Amino acid sequence: MKKRQRQSERDRGWTLGRKWDCSVFIMDLSPRALILCSLLCAVAGQAPVVSVQPKTATVRQGESVSFRCQVGRGAQPVQLEWRRANNQALPDNAKIGPDGSVLTLASTRPGNQGQYRCVAANSAGRSTATAVLNVKHAPKARLTPTGPLRVRMGVPVSVECHATGRPRPTVTWKRQGSTLQLVTSETNDVNTIQWAAVRPEDSGVYICHAENNEGLTEVKIEMIVEGGAGAPVATVSNTEMTVVEGHTVTMECQASGSPPPIITWSKLRAPLPWKHTMVGGVLTLTSVGRQDSGQYICNATNIHGYSEAYTEMEVETPPYATCLPDQVRLQPGDSLRLQCLAHGSHPIQFVWSRVGRASMPAGAETTKDGRLLIAHVKLSDSGTYKCVTTNHIGSSEALAKVIIKA
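Residues numbered from 1 in each chain as written. Predicted model: local features only at pLDDT ≥ 70, side-chain atom pairs only at ≥ 80, totals over all residues. Heavy atoms only, no water.

Chemist: So what exactly am I meant to see when it comes to the state of the cysteines here?
Modeler: Each disulfide consists of one covalent bond between the sulfur atoms belonging to two cysteines. In total, this model carries 4 disulfides according to the counting rule given. Sulfur-sulfur distance for the disulfide between Cys340 and Cys387 comes to 2.1 Å. A torsion of -85° about the S-S bond marks the disulfide between Cys340 and Cys387 as left-handed. One end of the pair, Cys340, is in strand 26 (residues 336–343); the other, Cys387, is in strand 30 (residues 383–390), and 47 residues separate them in sequence. Accessibility assignment for this pair places Cys340 and Cys387 in one class, buried. (Disulfide = S-S within 2.5 Å. Helix = DSSP H or I, 4+ residues; strand = E, 2+ residues; numbered from the N terminus. Buried < 20%, exposed > 50% of the residue type's maximum accessible area, 1.4 Å probe, protein only.)

Chemist: Hey, could you run me through the packing of aromatic side chains in this one?
Modeler: The relative placement of two aromatic rings is captured by the distance of their centres and the angle of their planes. This model, assessed by the stated rule, comprises 1 aromatic pair. Ring geometry for Trp195 against Tyr206: centres 5.1 Å apart, planes inclined by 75°, an arrangement best described as edge-to-face. Note that Trp195 is positioned in strand 13 (residues 190–195) and Tyr206 in strand 14 (residues 204–212), a separation of 11 residues in sequence. Residues Trp195 and Tyr206 agree in their burial class; the two are buried. (Phe/Tyr/Trp six-rings, centres within 6.5 Å; stacked < 30°, edge-to-face > 60°.)

Chemist: Help me out: how do you make sense of the side chain of Asn299 in this one?
Modeler: In this fold, Asn299 is placed in strand 22 (residues 294–302). Judged by relative accessible area, which is 16%, Asn299 ranks as buried. A polar atom in the side chain of Asn299 sits 2.7 Å from the side chain of Thr301. (Polar contact = N/O pair within 3.5 Å; in protein donor to acceptor, adjacent residues only side chain to side chain.)

Chemist: Where do I start with unusual backbone geometry in this structure?
Modeler: Glycine aside, residues mostly have negative phi angles, and peptide bonds mostly take the trans form. Omega for the bond connecting Thr144 with Pro145 falls within 30 degrees of zero, at -5°, which places this linkage in the cis form. Examined against the element boundaries, Pro145 turns out to sit in the loop between strand 8 (125–144) and strand 9 (149–152). In this model, His346 is joined to Pro347 through a cis peptide bond whose omega is 5°. Relative to the helices and strands, Pro347 is located in the loop between strand 26 and strand 27 (349–354). One non-glycine residue, Ser107, lies in the positive phi region at around 50°. Relative to the helices and strands, Ser107 is located in the loop between strand 6 (102–105) and strand 7 (114–122). A residue is classified by how much of its surface remains accessible, and Ser107, at 48% relative accessible area, is partly exposed. Its identity is not glycine, yet Ser287 carries a phi of approximately 50°, on the positive side. The residue Ser287 is located in the loop between strand 21 (282–285) and strand 22 in this model. Classification of Ser287 by relative accessible area gives partly exposed; the value is 36%.

Chemist: What's the story with the sheet that holds strand 28 (residues 364–366) in this structure? I'm lost.
Modeler: Strand pairing within a sheet occurs via backbone hydrogen bonds; the two strands may be parallel or antiparallel. Pairing is antiparallel in the open sheet, where 4 strands are placed in the order 24-26-29-28. The two strands at the open ends of the sheet, each matched to only one other strand, are strand 24 (320–324) and strand 28. For this sheet the average axis-to-axis angle between neighbouring strands, irrespective of direction, equals 15°. Judged from the 3 bridges that link them, strand 28 and strand 29 (residues 371–374) form a sheet pairing that is antiparallel. The residue of strand 29 that forms the bridge with Thr366 is Leu372. (Pairing = 2+ DSSP bridges. Axes fitted to C-alpha atoms, helices over the stretch in contact; angles between N-to-C directions.)

This is the structure we're talking about:
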């Protein structure tokens, strides 16, 4: 009877959470207490098991993200610690929650990308779980060498464009003043433009363009090819210019070489404007129009070779306005629709008014693309309507006559 009483007390001791030594009492425990003792001893000797949610996260630069470390099982207490996978310190924009389970990265930046480890430790051991962070960001690019690059004619040259970004950017090379994509080679994140033997006409500004769906960037390098024995080298005073329609424009080209090279001008894929003169290396265009926009090429030639230099010219024009129709006859209740059109450099603004009146009729609507609408006209809506178009160069106007008779 006493033995049963002692056994019952020990069983109650396990259920009440008393700490018994299994190795001492295992022979005296009841089957129920023996099972409970085995379970408690197993847990007491178990290292923690952890997981991280989410396992992978992708955010845009500037957004915030959080990872939670969860302990599945293991002896308590369990200590949690967050680290970078490379054992570096956490970044300064990282914050850890009060219980250590939540890691938050605020206003993420490209340097935050990588792996983060949650380390869980107790008296029986430790375990880790890893989370991966991807930070999407616009491309960044740098050139090697940086330039300006002065090279002798005939030597091999290569320029590397190192571009980073997420998603991985598409990298292309072009020459300033030209829309043609140049042939390059690509290895990993490096896109290289190469010349086996540069020539004077290779002189110019080259642009590396890196783009992904988060943005784009461009970096430039100027290469100056210095001639060999008397070979010409052409240069222009302006590689880009923007002029106003009707003005006179001069383009200057200089060329070194021996004997002195002959300088000529041409226009890419078009003849030179008929209102032009060439004196020495100076090209003069009189009363330029919008059709004169484009790339102009200076070519210097002597017995040792030739060299080219380029000028890109854009001609901006004031607006020229017209109304469609310029006269309309309606009856009361009809709808009025007028369209103002304008040719010229954009952006162009449209403003409608009524000649001789301080304001437009009630119910008149205008749109940004130059339309005037009146759903139901009245006899009093007759008159002359004026559309004024304006851009950063000038303005023009057009008139439309509206006749309304019953």
